[in-house]
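What follows is the residue order along each chain.
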Amino acid sequence: MNLLQDVREYTDLRILYVENRLSVRNKIHSLLQNLSLHVTVSDNVKEALSLYKTYYSKHSKYYDIVVLSLDFTNSQGIELAKEIKKQHENQVIALITQKGSSHFFPEAIGLGIDKYISEPLKNTDDTLLALLELAKKSLLVQELENKAFLLLQKEKMIDENIFLTVSDIHGNITNISQAYLDFTGYTKEEILGKNHSIFKNHDIHRETIKNLWETVSANNTWEGDLKNTKSTGEEYWVHAVITPLHDKSKNIIGYTSLLKDITYQKRLEYFSTLDPITSLYNKQYFHNYLKTEYKHAIWKEELFALLLIKIDDEPIEDETILQVSHFLQELRNPQNSELFRIAHNEFALTVHNKEDEYINDTAKNILELNTLKSLHLSVGGINLDTSKFYLNCDDLYSIADENLHKAQKNTVMLDVNEYAIKNLKSLDRFTKLPNHTALHEDLSLLKKEAMLIILHVNQLNVLKDLYGNAVVQDIIRQKTRELHNIVHDEEVTLYNLNLQEFAFLITNKNLFEKYLLLMQHSLLLPTEAEENESNESIVADFTAGIAYGIDTVLAHANIALQEALISQKKYKIYKNRQSLKDEKAQKIQRLKVYKTALYNGDIIPYFQPIIEAKSGKTVKYEALARIQTSSGEIISPYYFLDAAKEDKTFEFFTRQMMQKVFNVYAKNNIQISINLSYENLNSASMLDYIKNRLEKYGGERITFEILESEDIDDYAVVEAFILFVKKYGCQVAIDDFSSGYSNFTNILRLHLDYIKLDGSLITQLNKDENINNMVRGIIQYAKQADIRTVAEFVSTEELALLVKEFGVDFLQGYYYGEPQAPKYYGLT
């Protein structure tokens, strides 16, 4: 029964049976019909071969099985098998053999015959089983042939359409697609066995090739842009992804290079970055180049020089500009410098890793143009030793620009004020590491996924209370040395974000695993206890938050850190795609943390300064909620705030926070901003509490910031609140303005004092011209309505200068100060 069931699965197989003996033919034919409904019978070799060829010509496929008898004269059965194998080498063939035919076996075996069925057929089931086995093999052959055919089609498509090379472990090319040959103009004979340097362009930087080989030799994939040359000498650009090839033992045996032509894109970029008069790189390209190349110099701890050259004559004709341009191009060394025209009368020259004497001589040589062409030039610049000093890109340019303004006609000013450098805002003054401002700038340069590790020094607040500030400073110095000693790679930068937190930014994907392992098996292991002056043991270890990404990597790393601190884990990695179950569990955990803090009175205010744009002075502080854990760690609001807002105790959270803010307000003659949500304004009991506080403490120096959101469904409630608090002398701001639901009509009726621009807009100002136009429009509208504007999230000097240029009234962000405990800003 099982045999018949198996047989039924193969009823569509096509079988050709060749036998010249009528008695045998009928019996075998009957057996074959039990296996398949499609059996063709022939009694001679010539007809059988004709049937075989005709079947293929009509159906574009061969018979599934051929069954041959060896009872032919002159070895005709073997000859027929040979002819069939010539037509289709994978053809499944069975031979029916009889006594006296064994001398044909060696030749039959050599042909690759699949099955031998001996006469006489004693057991019908055994014969059927043999045929069934043959049928299974036939289907397997078909499946393999189909896969091979699909593979051939794929290979053909790749060969005709994809730029691809395959090389051995030494980089010698072993295969190349026809599409890439057609594109480059080479023949396969010219390429095979040659190194990829046959395509190499002389402009390719040695460091690029070095980095490429170091990456793939370390069994990692390298990705980047390469400038190559066709057989005709024409230059072209490709984006290359080079991946190691392995054998079964996972040993590297070669490399594949998948290439994409990006020449047109590069040419567009090139022409958009050229100055139309001199054909030098323009100001836009200069800023991008300076950031990138200066960052490389920092990683390598090399010298980096920036010279600004100004034509002091007026008026300046195009001919004069061209003369200066040609002179500077002839003067510069293209191996270590780059030249730009950055203003109508100003050029910039960058020089890599040259001593002060070389830079001074270069600057003096530039001034020779004064006598040669009767022109008046001045040169200002800086040659910075990045192994000793850290500046962000804006600070580097500012010093060079300041020196240019100090330089008189026909003079050079290359002064480096070391005291000024040490006190710049991009450098943490205590650890001498780049700070939060520098991290924000470096994050703005990201184009590919980076890894960010934030390291929190545990229980530092408790240690400070127990042993004093001097002990804490010693701990931070020790941690700085400990972290600095493990950074041995380019594309890895160490920062000190604040007294309690350090960060690693890793921008090379091939280093992600290395620094994760370093963190797990070195940095986060328990450290040996250190003794203070009282011979007491002190242990200060790390907790880490890790994230991968581009735009949101800092926020995600912070969230991961808060998760680790709360759960008392050594580290957490932010997961972009969490299951619904995980999200609910985390939400419950956040709510638990929040309620515990609320019950214990551990909701505390931190303060961040708000700066007047014109004077640069601190005129106000915004109070921001934090949670202090039992171990003394401080938890950021975005960890718990969403969970708190969904809980019925949110009003009590606001009250606890407000009471502590008013305590600071009462003891200090300062302006303070306090945040309120629409839920707060819509609560009669909360309004009674606010009234009580204002009657007790007064409100002349209080600004209430109302969060602008989709939750506001009745602006009459907001309007009534504003009229109420203004009776006590309070001012009112709308926070996160333009976050999605802002309405100018509603804003006008509210009689606001301030609009705080949504921070997400500010962070995008140097990336999106549309956002620039939007922010300009909001600021201008606010001025016409006599409403002052505050720009939040100002993290770099570049953003500060931009929003000042737009006309904003006040600035707030990490560039001017982080949220800190009241004591940090001298508040009691």
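Asker: Residues and numbers for the packing of helix α17 (residues 460–467) against helix α18 (residues 469–484), please.
Answerer: Where α17 meets α18, the closest approach of the two axes is 7 Å, and the angle between their N-to-C directions is 135°. By the angle between their directions, the pair α17 and α18 is classed as oblique. Facing α17, whose interface residues are L460, L463, K464 and Y467, α18 presents N469, V471, V472, I475 and I476. Partitioned by chemical class, the residues of the contact of α17 with α18 number 7 nonpolar, 1 polar and 1 charged.

Asker: Go over the environment of Y285, please, and point to the residues and values.
Answerer: Structurally, the position occupied by Y285 is in helix α11 (residues 283–300). Filtering out sequence-adjacent residues up to four positions away, Y285 remains in contact with T273 and F340.

Asker: Could you give me a rundown of the pairing of strand β10 (residues 252–261), with the residues and numbers involved?
Answerer: Regular strands place side chains that alternate from one sheet face to the opposite one. In the sheet, strand β6 (residues 163–168) pairs with β10 via 6 bridges, with the strands oriented antiparallel. Bridging across to β10, V166 finds its partner in T256. In this sheet, β10 lies alongside strand β9 (residues 235–246) in antiparallel orientation, the contact comprising 9 bridges. Of the residues in β10, the one forming a bridge with P244 is Y255. Linking β9 back to β10 in an antiparallel pair, the connection comprises 5 residues, with K250 at a positive phi of about 65°.

Asker: Describe the sheet that holds β9, and please don't skip the residues or the numbers.
Answerer: Here we have 5 strands laid out as an open sheet, ordered β7-β6-β10-β9-β8, and antiparallel in their pairing. Here the strands that pair on one side only, and so sit at the sheet edges, are β7 (173–176) and β8 (222–229). The average angle at which neighbouring strand axes cross in this sheet is 30°, direction not considered. Bridge count for β8 against β9 is 8 bridges, and the pairing is antiparallel. Considered in β9, the bridge of D225 is made with H239. On top of the sheet, helix α9 (residues 206–217) reaches β8, β9 and β10; it is set at about 135° to β8, its chief contact. Running over the sheet, helix α10 (residues 263–272) touches β8, β9 and β10 and is turned about 130° from β9.

Asker: Go over the pattern of salt bridges with me, naming the residues and quoting the values.
Answerer: Counted under the stated rule, the structure contains 22 salt bridges. K406 is the salt-bridge partner of E402, the closest N and O atoms lying 3.5 Å from each other. With E402 and K406 both in helix α14 (residues 393–406), this residue pair falls 4 residues apart, about one helical turn. What makes E402 partly exposed here is its relative accessible area of 45%. R655 is the salt-bridge partner of E651, the closest N and O atoms lying 3.0 Å from each other. In this pair, E651 and R655 both sit in helix α23 (residues 650–667), 4 residues apart, roughly one turn of the helix. Linked through salt bridges whose partners overlap, the residues forming this network are E622, E705, K756 and E792.

What counts, and where the lines are drawn
Residues numbered from 1 in each chain as written. Predicted model: local features only at pLDDT ≥ 70, side-chain atom pairs only at ≥ 80, totals over all residues. Heavy atoms only, no water. Axes fitted to C-alpha atoms, helices over the stretch in contact; angles between N-to-C directions. Helix = DSSP H or I, 4+ residues; strand = E, 2+ residues; numbered from the N terminus. Parallel < 35°, antiparallel > 145°, perpendicular 65-115°, else oblique. Contact = heavy atoms within 4.5 Å. Nonpolar A, V, L, I, M, F, W, Y, C, P; charged D, E, K, R; others polar. Pairing = 2+ DSSP bridges. Salt bridge = Lys/Arg side-chain N within 4 Å of Asp/Glu carboxyl O. Buried < 20%, exposed > 50% of the residue type's maximum accessible area, 1.4 Å probe, protein only.

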